[in-house]
Amino acid sequence: MYFQRVFVFLTTGIILILSGSFSAYLQASEIAGLAALRVQAQQRVEQSYSSDWMAHQSSSLSRWLIGAPTLEVSALQSNLATGTDELEVRLGVQIQRPDNLDLFDQMEQTNQAIMVARQRQQALLISGLVRQRAWDAAMARQQVNALSDKQVWLSRLGTQLTERFNAGELSRLAYLQWQQQQLDVQQALVNAKAELDGAMRAYTELTGAHTLPANMTETVPDSLDAALNSHPELKLLSLQKQYAAAAYQYGRQSQSNWDVALVARRLQSVMGDENQVGIAVGIPLALEMPANPQDLQAWQQTDLALSQSLMNLRITLQQQVSTNMAGLTSLEEQIAIGEQQVAIGEQIVEQLAQLKQISELEQSNWLQSLLEQRDRTYQLDQLNLSQQQRVAQINQLAGQVL
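Residue positions are counted from 1 within each chain, in the order its sequence is given. Per-residue local features are limited, in this predicted model, to residues with pLDDT of at least 70; the limit for side-chain atom pairs, both in listing and counting, is 80 or more; totals at the level of whole chains, interfaces and linings are taken over all residues. Values reported for side chains reflect all heavy atoms of the structure, with hydrogen atoms and water molecules removed beforehand.

Asker: In this structure, what is going on with the overall build of the protein chain? I would like to understand it.
Answerer: Within the protein chain, the regular secondary structure consists of 9 helices and 6 strands. Residues classed as buried in the protein chain amount to 37% of the 402 residues present. The contacts of the protein chain with a sequence gap of at least 6 include a subset with a gap of at least 24, amounting to 83%. Accessible surface area values rest on a Shrake-Rupley calculation with a 1.4 Å probe, where residue burial reflects the displayed protein chains alone. About 22,700 Å² of surface is accessible on the protein chain, with carbon and sulfur atoms providing 53% of the total. Helix and strand assignments follow DSSP, with helices taken as H or I runs no shorter than four residues and strands as E runs no shorter than two, numbered in order from the N terminus. Throughout, exposure labels follow a simple rule: accessible area from a 1.4 Å probe, protein chains only, divided by the maximum for the residue type, with under 20% read as buried, over 50% as exposed, and the rest as partly exposed. Only heavy atoms enter the contact rule, under which two residues are in contact if any of them lie within 4.5 Å.

Written as structure tokens, this is what we have:
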């Protein structure tokens, strides 16, 4: 399942103990939608795995300066009696060349966009976890509901069958089949409740909620191609690729930055003392230094790896979306067929009800048809729920945040 593709690192270590019985699980919350659950889950995850998602703003000074200022002190003493002694203090800095500032600003903007994309990516990861655990619990709840309903229906049917069996109007074969079916449902219900319990524990651990939303229905985006183009993971890789290219070019141009120094000099001689204050500026004559082979190779490898990851992810997402869309179409066809099966099954049960008095075999067939018709109804409900779950899976693949 796609929901499990990228969420391994988000497993939390604290399991909240659930209270209440299964009846509490079967009630739907009227206040918490999936979007609200995603926000709540994200807050809980961030408390356990705190991360600083905010970009650090560069000051205007660091925009111009490169590295730390340097302080140089030199003292030169003449060996002549009439010579000049010299004391010099130099405070030097390296500043950006003016045409390098645009690249610096581009890198800052791209870095800010990367931080936003990471936040969006994290929101998508949490959305996937919420979808997965909510739908796991919903499907388990549907199974418990169906089996509980079937158990009640069999119990009511059993009252009628027992009366008919005692009156000699029902064959022993049909009566034993009913008893066997009742035990089968009872055993399946025990397993289904255990699965629901586990699913609800995982759901509550993530979201803090003890009930499922009243409505978890989603809709497929009008344009899946447009949705994929804005997919948070694709967006993040694309921005990282842009940043790597700008950083490489910035590094090349930074080799020819300007050196600026504030110089204070004191000259002492028999003729008198002299103080000098000035500025020294060093400007490389080359506009652009030759590319360093190691830096060039490192950037090319990084760019190639990011391009490959971007292409692979896009292809994978497109294939998975296409597969799930085909599955959604198949579910729609199965639901249409299931509705016809339920309608025909009702007619079969009616026909067999008229013949059930004829023979023991007809009574057995009548009971089996009743059970099969009930199962068809439950299966149709399950298909409808699977259809909604498949839509949620498609939205997750398309990068739709709850």
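Asker: Mind showing me how you'd approach the sheet that holds strand E5 (residues 258–269) here?
Answerer: Strand pairing in a sheet relies on backbone hydrogen bonds, with the paired strands running either antiparallel or parallel. Overall, antiparallel pairing links the 4 strands, which are arranged E2-E3-E5-E6 in an open sheet. The sheet is open, and its two borders are formed by strand E2 (65–76) and strand E6 (272–282), each paired with just one other strand. On average, each strand axis in the sheet is tilted by 10° relative to the strand beside it, whichever way the strands run. Pairing between two strands is assigned when DSSP locates at least 2 bridges connecting them. Pairing between strand E3 (residues 85–95) and E5: 11 bridges, direction antiparallel. Among the inter-strand pairings, Gly92 is bridged to a residue of E5, identified as Ala261. An axis is simply a line fitted to the C-alpha atoms; with a helix, the fit covers only the stretch in contact. Between two such axes, the angle follows the N-to-C directions and lies from 0 to 180 degrees.

Asker: Whenever I open this one, the pairing of E5 confuses me. Can you help?
Answerer: Relative to E6, E5 runs antiparallel, the two sharing 11 bridges. The residue bridging Gln268 from the neighbouring strand is Asp273, located in E6. As consecutive antiparallel partners, E5 and E6 are separated by 2 residues.

Asker: Looking at this model, I keep getting lost on the packing of helix H4 (residues 101–166) against helix H5 (residues 172–207). Mind explaining?
Answerer: Between two packed helices, both the angle of their axes relative to each other and the distance between the axes serve to describe the pair. Close contact between H4 and H5 brings their axes to 8 Å; oriented N to C, the two are set at 155°. The orientation of H4 with respect to H5, classified from their angle, is roughly antiparallel. The crossing of H4 and H5 is left-handed. Considered class by class, the residues forming the contact of H4 with H5 number 23 nonpolar, 10 polar and 8 charged. Each angle receives one of four descriptions, namely roughly parallel if under 35 degrees, roughly antiparallel if over 145, roughly perpendicular if within 65 to 115, and oblique otherwise. The crossing is said to be left-handed when, going from far helix to near helix, the turn is anticlockwise and less than a right angle, and right-handed when the turn is clockwise. In this count, Pro and Cys sit with the nonpolar residues alongside Ala, Val, Leu, Ile, Met, Phe, Trp and Tyr, while Asp, Glu, Lys and Arg are called charged and the others, Gly among them, polar.

Asker: Please explain the pattern of salt bridges as it appears in this structure.
Answerer: Between side chains of opposite charge, pairing is possible as soon as their charged atoms come close. For this analysis, a salt bridge means a side-chain nitrogen from Lys or Arg found within 4 Å of a carboxyl oxygen belonging to Asp or Glu. For the structure on display, the rule yields 7 salt bridges. A salt bridge links Arg265 to Glu88, with the nearest nitrogen and oxygen atoms 2.6 Å apart. Linking Arg265 in strand E5 with Glu88 in strand E3, this pair joins segments that are 177 residues apart in sequence. For Glu88, a relative accessible area of 11% puts it in the buried group. Residue Glu218 pairs with Arg131 through a salt bridge whose shortest N-O separation is 2.9 Å. In this pair, Glu218 sits in the loop between strand E4 (212–213) and helix H6 (224–229) while Arg131 sits in helix H4, placing the two residues 87 residues apart along the sequence. Arg131 gets classed as buried once you look at its relative accessible area, which sits at 1%. Look at the salt bridges and you will find they share partners, linking Glu86, Glu88, Arg90 and Arg265 into a network.

Asker: It is not clear to me how the packing of aromatic side chains should be interpreted in this structure. Could you clarify?
Answerer: Both the distance between ring centres and the angle between the ring planes are used here to describe each pair of aromatic rings. Pairing of aromatic side chains here covers Phe, Tyr and the six-membered ring of Trp, requires ring centres within 6.5 Å, and sorts the geometry by plane angle: under 30 degrees stacked, over 60 edge-to-face, intermediate tilted. Applying the stated criterion to the full structure yields 2 aromatic pairs. Taking 4.4 Å as the distance between ring centres and 5° as the angle between the ring planes, the aromatic pair formed by Phe165 and Tyr175 counts as stacked. Here Tyr175 lies in helix H5 and Phe165 lies in helix H4, a separation of 10 residues in the sequence. A relative accessible area of 23% places Phe165 in the partly exposed class. An angle of 35° between the planes, with centres 5.4 Å apart, marks the rings of Tyr175 and Trp178 as tilted. Here Tyr175 and its partner Trp178 are both found in helix H5, 3 residues apart, which amounts to about one turn of the helix. Note on accessibility: Tyr175 and Trp178 belong to one class, buried.

Asker: What should I look at first to understand the environment of Gly33 in this one?
Answerer: Tracing the chain through its elements places Gly33 in the loop between strand E1 (28–29) and helix H2 (34–48). For the pair Gly33 and Met216, spaced 183 residues apart in sequence, the C-alpha separation works out to 7.2 Å.

Asker: In this structure, what is going on with the nonpolar core? I would like to understand it.
Answerer: For our purposes a nonpolar core is just a set of buried Ala, Val, Leu, Ile, Met, Phe, Trp, Tyr and Cys residues, chained together by side-chain atoms within 4.5 Å. Ranked by internal contacts, the top residues of the largest apolar core, which has 39 residues, are Leu34, Val130, Tyr203 and Leu212. Broken down by secondary-structure element, the contributors of at least two residues to this core are H2, H4, H5 and helix H9 (360–397). For this core, the leading source of residues is H4, giving 15 residues. Look past the residues within four positions of Tyr203 in its chain and what remains in contact with it is Leu37, Arg133, Ala134, Gly208, Ala209, Thr211, Leu212 and Pro213. Among the nonpolar cores identified, the runner-up in size contains 16 residues, and Leu228, Leu328, Val391 and Ile394 belong to it.

Asker: Looking at this structure, how should I read H5?
Answerer: It helps to recall that an α-helix has 3.6 residues per turn; residues three or four apart then point in one direction. In a helix, the anticipated span is given by 1.5 Å times the number of residues less one. Taking 1.5 Å as the rise per residue, H5 with 36 residues should run 52 Å; its terminal C-alpha atoms sit 52 Å apart, in good agreement. Directly beyond the C-terminal end of H5, a positive phi value near 85° is found at Gly208.

Asker: Quick question: what am I supposed to make of the environment of Pro98 here?
Answerer: Tracing the chain through its elements places Pro98 in the loop between E3 and H4. Judged by its relative accessible area of 44%, Pro98 falls in the partly exposed class. C-alpha of Pro98 to C-alpha of Asn257: the two residues are 159 residues apart in sequence and 8.8 Å apart in space.

Asker: Would you mind going over H4 with me for this structure?
Answerer: The end-to-end C-alpha distance of H4 is 96 Å, a good match for the 98 Å that 66 residues give at a rise of 1.5 Å each. A positive phi of about 80° marks Gly168, the residue just after H4.

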